[in-house]
Amino acid sequence: MRIFSVTILCLCYSGILGDLDWWKTANVYQIYPRSFKDSNGDGIGDLNGITERLPYLKDLGIHAAWLSPIFKSPMIDFGYDISDFRDIQPEYGTLQDFDRLLKIAHDLNIKILLDLVPNHSSDQHEWFVKSANRDPDFVDYYVWHPGKDDPSDPTKKLPPSNWLSAFRGSAWRWHEERGEYYLHQFAYQQPDLNYRNAKVVDEMKDIIRFWLNRGVDGFRIDAVLCLFEAEPVDGAYPDEPKSENTDDPDNPEYLNHIYTQNQPETVEMVYQWREVFEEFTNADQNTRLMLTEAYSDIDILMTYYGDGVRKGSHVPFNFFLLTHIKNDSNAIDFRKAIQIWLDKLPEDCVANWVLGNHDQRRVASRFGTHRIDIINMILNTLPGISITYNGEEIGMTDVFLTWEETVDPPACNSNSEIYDKFSRDPARTPFQWDDSTSAGFSTNTKTWLPVSPLYKEVNVKVERSFPRSHYKVYRKLLQLRRTPTLQKGNVETRTHGQNVLSITRSLPGEDTFITVVNIGPDHEMVDLRELFSGRLTFHIVSVYSKRHEGDPIRGPILDLDPHEGVILKGFP
């Protein structure tokens, strides 16, 4: 065993935010509606299923539920291809079902956030149909271009540029009826809207108002970084440079997306949307929350918060723990990923922490089931907003799908040899409620994606019954987040050698809480005198820890088993 004293110390963030508006310390829970709960036995999750399970969220300690898209859609990209932004996908229910969900959620004091997809629509949306037909009111609603001349065939046109879709292959698609190419940064059935058209800007603002008027508490806004692309020069769009990251010319990583992502107009659009949100917040003093998704550089993301004069996103998603941490990362890597955000965070802005979502493999599969609790401890004892993808609280893992079972567009656009590198399906399988048919997700034995073969061992019912479980650790963490120390306190992050990370949360006059996690595979020993000088007890412990909650710590040295996590309570 090795005993480590503190090797890095930084007082990195003051959590005292003045007022404690509901969102500033919120526990946000992402629901993938298609996979959460099926109420009518068709094998597909729906709104009434979500309503049925709202008490589960209340008991868990969730403040806000973010629903992945529920709008009317052909379901090419499972709701991210919207054909009507003001109606509900029939598989999921009706507007009346949504209103009922909203009312019951509000009765339980749970906020409801919807997923807005502003970058594109479905090619079945009436806007696109009219645009393709050159309706004068819609002719420029999308990004169109006649294409480049083909030197080998004067009767044909080539794509306007080398731009690539996030779902593989060219981002340009020829439309025979209109006789032009249209841009699609995702599936070809998802044509990009043209935000250089003021009508499109106004249209999306009106959609936001429609749902806020209906009582929605805010939006997660999808793929913000793609809203604008560089304007053509002399009628031609510029090619993007090669990245040298891959030899696969259809892979979006083949290019550096300097002309199709993170254009300067994007941040201005976020500021304009915030003004719409503020219309409603100012009317009744109930903050309508905006969360924005962009996998961008840290300096760009900080501008999303605002420019010192204008307000922007309440929550520019912080993906640095998600993108910078791998299975072999050590405590130093974790701390660096945490500090990236805290060191840059503007004054009076709120941090947020994300480790999983519908686009990423599950936490337990990325880091191992032995690290489930320590990952959740880190996520939920840092200051600000925690965001959890449904199923992470019980330690769900990825499900292997065959080529024939795969339905995700990026995978389907590849082939049977490499599809698993691109598929997001493994993290989207049905939620595991109990050990009954289809894990309690549905009464139907056939579900839209297969249920995990581990559902009898990993489900809410069985984890509620165990003396210790990932579910119970997670629930205690959300209870801890209600304390004044975690809501208003300062934070210190430290590393102890290569593999131990500690997070100390303190507030004068209140209990101190110290998260200590051993990320590595060896036994480690930590001198607690470097962290706290008073009396300490074990407050929360990971499932496989030999500790017992409430027991005092006797002596200054804490020995940690491999992958063990504990939260210590220090008395003022």
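Presented here is a report on the structure given in the accompanying data block. Because the structure is predicted, anything quoted here is derived from the model rather than measured.

1. Focus on unusual backbone geometry
- In this structure, Phe78 takes a positive phi of about 50 degrees despite not being glycine.
- Within the secondary structure, Phe78 sits in the loop between strand 5 (71–72) and strand 6 (84–88).
- With a relative accessible area of 9%, Phe78 lands in the buried category.
- Phi at Asn262 is positive, roughly 55 degrees, even though this residue is not glycine.
- Secondary-structure assignment places Asn262 in the loop between strand 13 (218–221) and helix 6 (265–284).

2. So, the packing of helix 11 (residues 372–381) against helix 14 (residues 470–480)
- Helix 14 packs onto helix 11 with a crossing angle of 15 degrees between their chain directions and a minimal axis gap of 10 Å. The angle between the axes of helix 11 and helix 14 places the two elements in the roughly parallel class. In this structure, helix 11 meets helix 14 at a crossing whose hand is right-handed. Contacts between helix 11 and helix 14 pair Ile372, Asp373, Asn376, Met377, Asn380 and Thr381 from the former with His470, Val473, Tyr474, Leu477, Leu478 and Leu480 from the latter.
- A breakdown of the residues in the contact of helix 11 with helix 14 according to their chemical character gives 7 nonpolar, 4 polar and 1 charged.

3. Focus on the environment of Pro508
- Relative to the assigned elements, Pro508 resides in the loop between strand 19 (500–506) and strand 20 (512–518).
- When the C-alpha atoms of Pro508 and Arg529 are compared, they prove to be 19 Å apart, with 21 residues separating the residues in sequence.

4. Looking at the packing of aromatic side chains
- Across all of its chains, the model carries 34 aromatic pairs by this definition.
- Counting every residue linked through ring pairs, the aromatic cluster contains Tyr29, Phe36, Tyr56, Phe431, Trp433 and Tyr471.
- Looking at Arg34, its charged tip hangs above the ring of Trp448, at a distance of 4.9 Å from the centre.
- Seen from the ring of Phe422, Arg168 lies directly overhead, with NZ or CZ sitting 4.6 Å from the centre.

5. Here we look at the pattern of salt bridges
- In the structure shown here, the tally under the stated rule is 41 salt bridges.
- Between Glu180 and Arg134 there is a salt bridge, with its nearest N and O atoms 3.7 Å apart. A residue pair is termed long-range when its members are at least 10 positions apart, and Glu180 in strand 12 (residues 180–183) and Arg134 in the loop between helix 4 (126–132) and strand 8 (144–145) qualify at 46 residues.
- We classify Arg134 as partly exposed; its relative accessible area is 41%.
- A salt bridge links Arg362 to Glu392, with the shortest nitrogen-to-oxygen separation between them at 3.8 Å. Linking Arg362 in the loop between strand 16 (352–354) and helix 10 (363–367) with Glu392 in the loop between strand 17 (385–389) and helix 12 (409–412), this pair joins segments that are 30 residues apart in sequence. Across this residue pair, the class does not change: Arg362 and Glu392 are buried.
- A cluster of three or more residues bridged by salt bridges with shared partners is formed by Asp77, Asp359, Asp408, Arg424 and Arg428.

Quick notes on the rules
- Residues numbered from 1 in each chain as written.
- Predicted model: local features only at pLDDT ≥ 70, side-chain atom pairs only at ≥ 80, totals over all residues.
- Heavy atoms only, no water.
- Helix = DSSP H or I, 4+ residues; strand = E, 2+ residues; numbered from the N terminus.
- Buried < 20%, exposed > 50% of the residue type's maximum accessible area, 1.4 Å probe, protein only.
- Axes fitted to C-alpha atoms, helices over the stretch in contact; angles between N-to-C directions.
- Parallel < 35°, antiparallel > 145°, perpendicular 65-115°, else oblique.
- Left-handed = near helix turned anticlockwise from the far one by under 90°.
- Contact = heavy atoms within 4.5 Å.
- Nonpolar A, V, L, I, M, F, W, Y, C, P; charged D, E, K, R; others polar.
- Phe/Tyr/Trp six-rings, centres within 6.5 Å; stacked < 30°, edge-to-face > 60°.
- Lys NZ or Arg CZ within 6 Å of the ring centre and 35° of its normal.
- Salt bridge = Lys/Arg side-chain N within 4 Å of Asp/Glu carboxyl O.

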